[in-house]
Amino acid sequence: MKRIELFEFEDFIWFPEVIRTCMTNLIVVLHKILNTSEVLVGLLENVQKHHEFSKVIDLGSGSGGAMPEVIKLINEKEDEPIQLILTDLYPNSKCIHKINNGSLKNVVYKETSINATNLDKTPKGLKTMVNSFHHMPPAQAKKILKSAQENKEPILIYEMGENFVPTLIWWLFLPVSLLILFVMSLFMTPFVRPLTWQQIVFTYFIPIIPICYAWDGQASTMRTYTFKDVEYLLQDIEGEDYTWKIESAKKKNGKKLGYYILGLPK
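Remember, predicted model here, so these are calculated numbers, not experimental data. (Residues numbered from 1 in each chain as written. Predicted model: local features only at pLDDT ≥ 70, side-chain atom pairs only at ≥ 80, totals over all residues. Heavy atoms only, no water.)

Participant: Teacher, can you tell me more about the packing of helix 1 (residues 17-34) against helix 7 (residues 174-188) here?
Facilitator: Two measures define how a pair of helices packs: the angle their axes make with one another and the distance between the axes. The N-to-C vectors of helix 1 and helix 7 enclose an angle of 85°; their axes lie 10 Å apart at closest approach. Of the possible angle classes, the one that applies to helix 1 and helix 7 is roughly perpendicular. Taking contact as the criterion, the partners of Leu-26, Val-29, Leu-30 and Ile-33 in helix 1 are, on helix 7, Met-184, Ser-185 and Met-188. Residue classes in the contact of helix 1 with helix 7 are distributed as six nonpolar, one polar and no charged. (Axes fitted to C-alpha atoms, helices over the stretch in contact; angles between N-to-C directions. Helix = DSSP H or I, 4+ residues; strand = E, 2+ residues; numbered from the N terminus. Parallel < 35°, antiparallel > 145°, perpendicular 65-115°, else oblique. Contact = heavy atoms within 4.5 Å. Nonpolar A, V, L, I, M, F, W, Y, C, P; charged D, E, K, R; others polar.)

Set out below in structure tokens:
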């Protein structure tokens, strides 16, 4: 595999929840900047043409990511609204309270821990993983794909980045890349909503967030599965009653933005 199993701060259980939340807030801003919601809306609408669903169960939701906005945009076109259920292995109590007591329609955040490797324990519906599949080591990643197929559950995995940079080049330019992401986080922070005092203090006065965000951002590049990596994971679990597709994701203008893995029961 080209993928390298590097660590990311937000994956550690001991990592402070408040810092993890602030970092995922930056990812939400990044989704808006890149307009990944446009790509995801197109992908979900394409899935609807081949497999009807009334619920979307998002795995590894963090602070919500792009999916609440995606469901909002889709439901503006639908007569029957689609329900979005956000889940996570380590549910964030503040995010749960904000979303479940907020004004978002047809969106709920499940309070109990959900393990993406066992889809038999999740509600029925289209499973999605947005920019979180790369966090899974190969053994767990394979379990997720296998669980989807064995339970005949549709699954859409989206990664907004691709692992195409040669490993040696990545290491050589790592200091510059870290600095770029560090500076980016400083400019992105004012667009976080809600903007808390923790986000400000741990960004501008004690820059824990920019440092961790910069490393996690660069580490995620090398942790992202390539097309060949995914094919390797699927090579002994493919069956006649289930189909898999791995393709580049595109905006309406044809510009590429990441890639997706789509699994559908026949």
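Participant: For this particular structure, what's the right way to read a nonpolar patch on the surface?
Facilitator: A contiguous nonpolar patch, built from Leu-168, Ile-169, Leu-172, Phe-173, Val-176, Ile-180 and Met-184 and spanning about 670 Å² of accessible area, is present on the exposed surface. For the nonpolar patch, the elements supplying multiple residues, two or more each, are helix 6 (167-172) and helix 7. According to the relative accessible area criterion, Leu-168 is exposed, its value standing at 60%. (Patch = residues over 30% accessible without salt bridge, like charges linked within 9 Å, V, L, I, M, F, W, Y side chains within 5 Å. Areas by Shrake-Rupley, 256 points an atom, 1.4 Å probe, with all protein chains shown as cover. Salt bridge = Lys/Arg side-chain N within 4 Å of Asp/Glu carboxyl O. Buried < 20%, exposed > 50% of the residue type's maximum accessible area, 1.4 Å probe, protein only.)

Participant: Explanation requested: the sheet that holds strand 3 (residues 107-109) in the structure shown.
Facilitator: Each strand in a sheet pairs with another by means of backbone hydrogen bonds, the pair being arranged parallel or else antiparallel. Strand order in the open sheet formed by seven strands is 3-2-1-4-5-7-6, and the pairing between neighbours is mixed. Edge positions in the sheet fall to strand 3 and strand 6 (242-250), since each has one partner strand and no second. Shown here is a sheet whose adjacent strand axes are inclined to one another by a mean of 20°, direction ignored. Pairing of strand 6 with strand 7 (residues 256-265) involves eight bridges; the strand directions are antiparallel. Across the sheet, the residue bridging to Ser-248 is Tyr-259, located in strand 7. Contacting strand 6 and strand 7, helix 10 (residues 227-234) crosses the sheet at an angle of about 170° to strand 6. (Pairing = 2+ DSSP bridges.)

Participant: What's the story with the layout of surface pockets in this structure? I'm lost.
Facilitator: If a probe as big as a water molecule is rolled over the atoms, it shows which places are left empty. Volume-wise, the second largest pocket comes out at about 550 Å³. Put simply, the parts of the chain that give the lining of the second largest pocket at least two residues each are helix 1, helix 2 (36-50), helix 3 (67-75) and helix 4 (93-100). A total of five residues in the lining of the second largest pocket trace back to one element, the largest contributor, which is helix 1. (1 Å grid on protein atoms, 1.4 Å probe; cavity = no way out; pocket = protein on both sides within 12 Å on 5 of 7 lines; lining within 4 Å. Points joined across faces, edges and corners; volume = space filled by probe spheres on them.)

Participant: Which parts of the structure should I look at to understand the nonpolar core?
Facilitator: Proteins that are soluble and globular tend to have nonpolar side chains buried together. Residues Leu-40, Leu-44, Val-56, Met-67 and Tyr-158 are the most contacted members of the largest nonpolar core, which totals 44 residues. If we skip the residues at most four places from it in the chain, Leu-40 touches Ala-66, Met-67, Val-70, Val-130 and Tyr-158. The next biggest cluster of nonpolar side chains, apart from the first, holds 25 residues, and it includes Ile-85, Ile-114, Ala-116 and Trp-244. (Core = buried A, V, L, I, M, F, W, Y, C linked by side-chain atoms within 4.5 Å.)

Participant: For this particular structure, what's the right way to read the environment of Asp-236?
Facilitator: Relative to the elements of secondary structure, Asp-236 occurs in the loop between helix 10 and strand 6. The exposure class of Asp-236 is exposed, given its relative accessible area of 54%. Each C-alpha atom, one on Asp-236 and one on Val-29, is 38 Å from the other, the two residues being 207 residues apart in sequence.

Participant: Hey, could you run me through the pairing of strand 4 (residues 126-130) in this one?
Facilitator: Successive residues of a regular strand alternate their side chains across the two faces of the sheet. Within strand 4, five of the five residues are buried, which leaves it mostly tucked inside the rest of the structure. Residue alternation in strand 4 divides its side chains into two sets, Leu-126, Thr-128 and Val-130 and Lys-127 and Met-129, and both sets are buried. With three bridges connecting them, strand 1 (residues 55-58) and strand 4 associate as parallel partners. When the bridges of strand 4 are listed, Val-56 appears paired with Leu-126. Pairing between strand 4 and strand 5 (residues 155-159): four bridges, direction parallel. In the sheet register, Thr-128 faces strand 5, and the bridge partner there is Leu-156.

Participant: Explain the side chain of Glu-10 to me, please; I cannot follow it from the model alone.
Facilitator: With respect to the helices and strands, Glu-10 occurs in the segment before helix 1. Although Glu-10 is buried, it makes no salt bridge; Arg-20 carries the closest opposite charge, 5.5 Å away. With residues near it in sequence (within four places) discarded, Glu-10 still touches Phe-15, Arg-20, Thr-24, Ile-27, His-135 and Asp-216. (Lys, Arg positive; Asp, Glu negative; His and termini not counted.)

Participant: Hey, could you run me through unusual backbone geometry in this one?
Facilitator: Working note: non-glycine residues mostly have negative phi, and peptide bonds are mostly trans. Look at the link from Arg-193 to Pro-194: it is a cis peptide, with omega at -5°. Note that Pro-194 resides in the loop between helix 7 and helix 8 (197-205). Of note in this structure, Asn-106 is not a glycine but carries a positive phi near 60°. Its location among the elements puts Asn-106 in the loop between helix 4 and strand 3.

Participant: What is the right way to look at a negative patch on the surface in this model?
Facilitator: A grouping of Glu-52, Glu-78, Asp-79 and Glu-80 is seen on the molecular surface, where their side chains present a negatively charged patch. Classification of Glu-52 by relative accessible area gives exposed; the value is 65%. (Charge placed at Lys NZ, Arg CZ, Asp CG, Glu CD.)

Participant: Which parts of the structure should I look at to understand helix 4?
Facilitator: Since the α-helix advances by 3.6 residues per turn, residues separated by three or four positions end up pointing in the same direction. If you check which residues of helix 4 are buried, you get Cys-95, Ile-96 and Ile-99. Axial view of helix 4: buried residues confined to an arc of 100°, hence all on one face. In this structure, helix 4 carries Lys-94 and His-97 as exposed residues pointing more than 90 degrees from its buried face. Where helix 4 is buried, its residues meet helix 1, strand 2 (83-86) and strand 3. (Arc of directions from axis to C-beta.)

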